[in-house]
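Chain residues, written in single-letter form:
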Amino acid sequence: MTEKRQTHDERGRIRVTGFDSDRVTERDPLSDWTDGTSGETVGRWRRGLQRFKRNRSAMGALVIVVLMALAATFARPISVFGVVVQPFSLAPYDPTTILYLQDPSVSTYDPPSWDYPMGVDGSGRDLFSRILVGGRYSLSIGFIVVGLTASIGLIYGAVSGYYGGNVDELMMRIVDTIFAFPGLILALIIVAILGGGYWQLVLAFSLFGWAGYGRLVRGEVLKIKENEYVMAAKALGARDRSVVFRHIAPNAMPPLIVLASLNIGSVVIGVAALGFLGLGMDPSTAEWGTMLDATRETLIQGPDGQIPWWATVFPGAAIFVFVMSMNMIGDGINDALDAQQTGVGRGGED
């Protein structure tokens, strides 16, 4: 009789699970994915990593980018405030060394050879060494700019989408104003005002480059803030800052990461474009776009009637390989973190 009464009492109870305080405060940053066959629950980041590893083209592109980054890092020794922090040197020559002053047999625009695998440029400098060292400028500017703009855009878009109303209206009108001008034109204006240089280029591409991230995150936040766990956090008295940066912003990260990975290549192309126009780094700097600018006259007519194709092909190929690899990595990340493909929200189906 007692067992029947207990069963009847349990059957009549209503259990509210969405407002479990422990679940709300200690929840995982991203939605979990449940394997339909094994029943194992896997975090979305871990599931995305597993899918990314199975993407051969994306993994191959990642290897290329890592190799290019390592080659740029170890191209020549690096010293900070007089202290050598990286003593290795993959580049056989300093990028500023004029070879014919050391070896009379070398002349300007010497073609590729065993001693100079990528040939010699118009100033008698080794192209192979300059391309390795030039990767430091192009790659580092791309990663720094994307890191800054993505961080600013994440905060800006999260605040705009979460508060909505007049706040959202004002913040989005600022974004619309920025989008009224092409990004490369804005960067060109900033460089023309401040002058060329490493940090000037970083500022030129960062000052307004966050707008795209802000709009993307704002759209994601508008959807995420209506979810049950966000409402539960509000009901439990969580502060707006905690709700935005602990519950909403982490779930808006996947599309942000995809856009960031694609934009790294765009920034590298933009830096190279300004360098090709003579508005980037100093003309003697071994930056890929600046190297193209120094040899663009040879595209029409080279010395002695011969066109030194190596002076433009190798810097251009370095830009092409890196940008193409980053685009492939971005596509791989997009496939890996796609909610519909990972089974999030579909009952764990794959």
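Residues numbered from 1 in each chain as written. Predicted model: local features only at pLDDT ≥ 70, side-chain atom pairs only at ≥ 80, totals over all residues. Heavy atoms only, no water.

Another aspect to go through is the pattern of salt bridges. On inspection of all chains with the given rule, the structure shows seven salt bridges. We note a salt bridge from D168 to R218, for which the minimum N-O separation is 2.6 Å. One end of the pair, D168, is in helix α7 (residues 165–179); the other, R218, is in helix α10 (residues 211–224), and 50 residues separate them in sequence. By relative accessible area, which is 8% here, D168 ends up buried. The class of R218 is partly exposed, set by a relative accessible area of 24%. With its nearest N and O atoms 2.2 Å apart, the salt bridge here joins R215 to D176. One end of the pair, R215, is in helix α10; the other, D176, is in helix α7, and 39 residues separate them in sequence. Here the salt bridges share partners, and the residues they tie into one network are E169, R173, D176 and R215. (Salt bridge = Lys/Arg side-chain N within 4 Å of Asp/Glu carboxyl O. Helix = DSSP H or I, 4+ residues; strand = E, 2+ residues; numbered from the N terminus. Buried < 20%, exposed > 50% of the residue type's maximum accessible area, 1.4 Å probe, protein only.)

The next point concerns the environment of G330. By the secondary structure assignment, G330 is in helix α15 (residues 310–337). Here G330 falls in the buried class, since its relative accessible area comes to 0%. Taking the C-alpha atoms as reference, G330 lies 9.8 Å from G265; in sequence the two are 65 residues apart. Sequence-distant contacts of G330, defined by excluding residues within four places in its chain, comprise V258, S261 and L262. (Contact = heavy atoms within 4.5 Å.)

Here helix α6 (residues 127–163) is 37 residues long and its end C-alpha atoms lie 53 Å apart, about the 54 Å a rise of 1.5 Å per residue gives. Phi for G164, located one or two positions after α6, is positive at around 60 degrees. (Expected span 1.5 Å × (residues − 1).)

The pairing of strand β3 (residues 78–80) with strand β4 (residues 83–86) spans three bridges and is classified as antiparallel. Paired with I78 across the bridge in β4 is Q86. Two successive antiparallel strands, β3 and β4, enclose a turn made up of two residues, where F81 displays a positive phi of approximately 55 degrees. (Pairing = 2+ DSSP bridges.)

Let us look at the packing of α6 against helix α12 (residues 240–248). Here α6 crosses α12 at 120 degrees, and the two axes come no closer than 11 Å. Crossing of α6 over α12 shows right-handed handedness. Only D240, V243, V244, F245 and I248 of α12 make contact with α6, whose side of the interface consists of I155, A158, Y162 and Y163. Of the residues in the contact of α6 with α12, the class split is eight nonpolar, no polar and one charged. (Axes fitted to C-alpha atoms, helices over the stretch in contact; angles between N-to-C directions. Left-handed = near helix turned anticlockwise from the far one by under 90°. Nonpolar A, V, L, I, M, F, W, Y, C, P; charged D, E, K, R; others polar.)

The topology assignment puts V145 in helix α6. On a C-alpha basis, the gap between V145 and V202 in space is 5.8 Å, while along the polypeptide they are 57 residues apart. In contact with V145, other than residues within four places in its own chain, are V202, F205, S206 and V267.

With that settled, consider the UniProt feature "transmembrane region" (unreviewed entry) in the protein chain. Under the local residue numbering, the UniProt record ascribes the feature "transmembrane region" (unreviewed entry) to residues 61–85, 137–158, 170–192, 198–217, 256–279 and 307–324. Taken as a whole, residues 61–85 contains 52% helix and 24% strand, while its terminal C-alpha atoms sit 28 Å from one another. Structurally, residues 256–279 comprises 88% helix and 0% strand, and the distance from its first C-alpha atom to its last is 30 Å. (UniProt positions renumbered as here; feature names shortened; annotations may be inferred.)

This part is about helix α8 (residues 183–194). End to end, α8 covers 17 Å across 12 residues, agreeing with the expected 16 Å (1.5 Å per residue, within 8%). On its buried face, α8 sits against α7, α9 (198–206) and α13 (253–276). Once α8 ends, the next one or two residues include G195, with phi positive near 90 degrees.

Counting 61 residues, the largest nonpolar core has I141, L201, F205, W288 and F322 as the members making the most contacts within it. Looking at this core element by element, the count peaks at 11 residues for α15. The contact partners of F205, leaving out residues within four places of it in the chain, are V145, T149, L184, A187, V267, G270, V271 and L274. (Core = buried A, V, L, I, M, F, W, Y, C linked by side-chain atoms within 4.5 Å.)

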